[in-house]
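Structural characterization, general
Here is how the chains run, residue by residue.
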Amino acid sequence: MTSIPIAVQMFTLREESVQDFAGTLKKVAELGFDGVEFAGYGGLTAKEVKVLLDEFGLRAAASHVPLEDLEKNLYQVIEDQKLLDSRYVVCPYLQPERRSIEDYKALISFLDKAGETCRKEGIILCYHNHDFELERFSTGSTILETIFDKTNANNIKAELDVYWLTKAGENPVEWMNRYKNRAPLIHLKDMTTDNKQFFAELGTGGVDIEAVLHKGKENGVEWWVVEQDVCRRSPFESIEISINYLKSVKVN
């Protein structure tokens, strides 16, 4: 069992959340998760969500907030994190139309400034990767390392996604080591071993999850976040398999 707390990314349970947001949080708690990473608040205010978290004994690990909201409503986003008692806010995804070289330059500048604003308010801004950020610029550097290397390490932290790193042909542990103490959040996902490389429950696929878990403590990981973008069974079944795997692994 890992000593680092485990959250579930609520995007995994997006359909269940629409049907019954409170009931979904309750079930997450019953499965043994320590917290949740939000992808929206189910139409509730942050204050109302915090009441539910307290009722079910859950913590807010972080919140995924679309880049557009960070650009337009940063102070509201920060205020919501304070109400949720959440330290982390995450820029989760870049839309395809915002991936030109000029866009990336603007993104780096924005993240650095927004991250500084967050830091002064006691909140930490992170950037979450997919596989497209592992493409390389003409300089030879990947987009992802450029984002981290061109921003102040105090302003922008990483939320590394082990599935997308693996899919891009990268070794997640190497990235954890490279950004030691700068990747407080790690998305744990597995991948089927067939040529489809589909999302899989932890411990059932080809990603070396155990190697990642063993590097958590020494690299300053504060939360493991279980996410499965698409499940072939009920998402509740999928996350139950994943947390049971995490409970069974012996980590130093």
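Above this text is the structure in question.
We now examine the sheet that holds strand 4 (residues 88-91). Pairing within the closed barrel is parallel, and its eight strands lie in the order 1-2-3-4-5-6-7-10. When the angles between neighbouring strand axes are averaged without regard to direction, this sheet yields 30°. On the sheet, helix 11 (residues 235-248) packs against strand 1 (6-9), strand 7 (185-188) and strand 10 (223-226) and is oriented at approximately 160° with respect to strand 1.

A separate point is the pattern of salt bridges. Taken as a whole and judged by the stated rule, the model has 16 salt bridges. Put simply, E102 and K105 hold a salt bridge, and the shortest N to O gap is 3.7 Å. Placement of both E102 and K105 in helix 6 (residues 101-120) is noted, with a separation of three residues, approximately one turn of the helix. For the residue pair E102 and K105, the accessibility class agrees, reading exposed in each case. Residues D161 and K189 are paired through a salt bridge, measuring 2.9 Å at the closest nitrogen-oxygen approach. Here K189 lies in the loop between strand 7 and strand 8 (190-191) and D161 lies in strand 6 (residues 156-161), a separation of 28 residues in the sequence. K189 carries the same exposure label as D161, and that label is buried. Via salt bridges that share partners, D161, K189, E227 and D229 belong to a single interconnected network.

For the rest of this paragraph, the subject is the side chain of E16. When you line up the elements, E16 lands in helix 1 (residues 14-19). Buried within the structure, E16 lacks any salt-bridge partner; R14 is the closest side chain of opposite charge, at an N-O distance of 7.1 Å. Sequence-distant contacts of E16, that is, excluding residues within four places in its chain, are made with F21, T24, P235 and F236.

Let us now look at the packing of helix 5 (residues 74-84) against helix 6. Relative to each other, helix 5 and helix 6 sit at 40°, their axes nearing to 11 Å. With respect to each other, helix 5 and helix 6 are oriented oblique. Where helix 5 crosses over helix 6, the two elements pack in a sense that is right-handed. Only A114, T117 and C118 of helix 6 make contact with helix 5, whose side of the interface consists of L74, Y75 and I78. In the contact of helix 5 with helix 6, the residues fall into five nonpolar, one polar and no charged.

Rules used throughout
- Residue numbers restart at each chain and count upward from 1, following the sequence in its written direction.
- In keeping with the model being predicted, local features are shown solely for residues with a pLDDT of at least 70 and side-chain atom pairs are shown and tallied solely at 80 or more, while totals for entire chains, interfaces and linings include all residues.
- As a rule here, side-chain values come from all non-hydrogen atoms in the structure, and water together with hydrogens is ignored.
- We call two strands paired when DSSP finds no fewer than two bridges between them.
- We count a stretch as a helix when DSSP gives it H or I for four or more residues in a row; a strand needs E for two or more, and each element gets its number in order from the N terminus.
- Lines fitted to the C-alpha atoms define the axes, with helices restricted to the stretch that makes contact. Angles between their N-to-C directions range from 0 to 180 degrees.
- Any two residues having at least one pair of non-hydrogen atoms within 4.5 Å are treated as being in contact.
- When a carboxyl oxygen of Asp or Glu lies within 4 Å of a side-chain nitrogen of Lys or Arg, that pair is called a salt bridge.
- Working definition: with a 1.4 Å probe on protein chains only, accessible area under 20% of the residue-type maximum means buried, over 50% means exposed, and in between means partly exposed.
- In this count, Lys and Arg are taken as positive residues and Asp and Glu as negative ones, while His and the chain termini are left out.
- Orientation categories follow fixed angle ranges, with anything under 35 degrees roughly parallel, anything over 145 roughly antiparallel, 65 to 115 roughly perpendicular, and all other angles oblique.
- Crossings are classed by handedness, with left-handed meaning an anticlockwise turn of the near helix from the far one by less than a right angle and right-handed meaning a clockwise turn.
- Three classes are used: nonpolar for Ala, Val, Leu, Ile, Met, Phe, Trp, Tyr, Cys and Pro, charged for Asp, Glu, Lys and Arg, and polar for all others, with Gly counted as polar.

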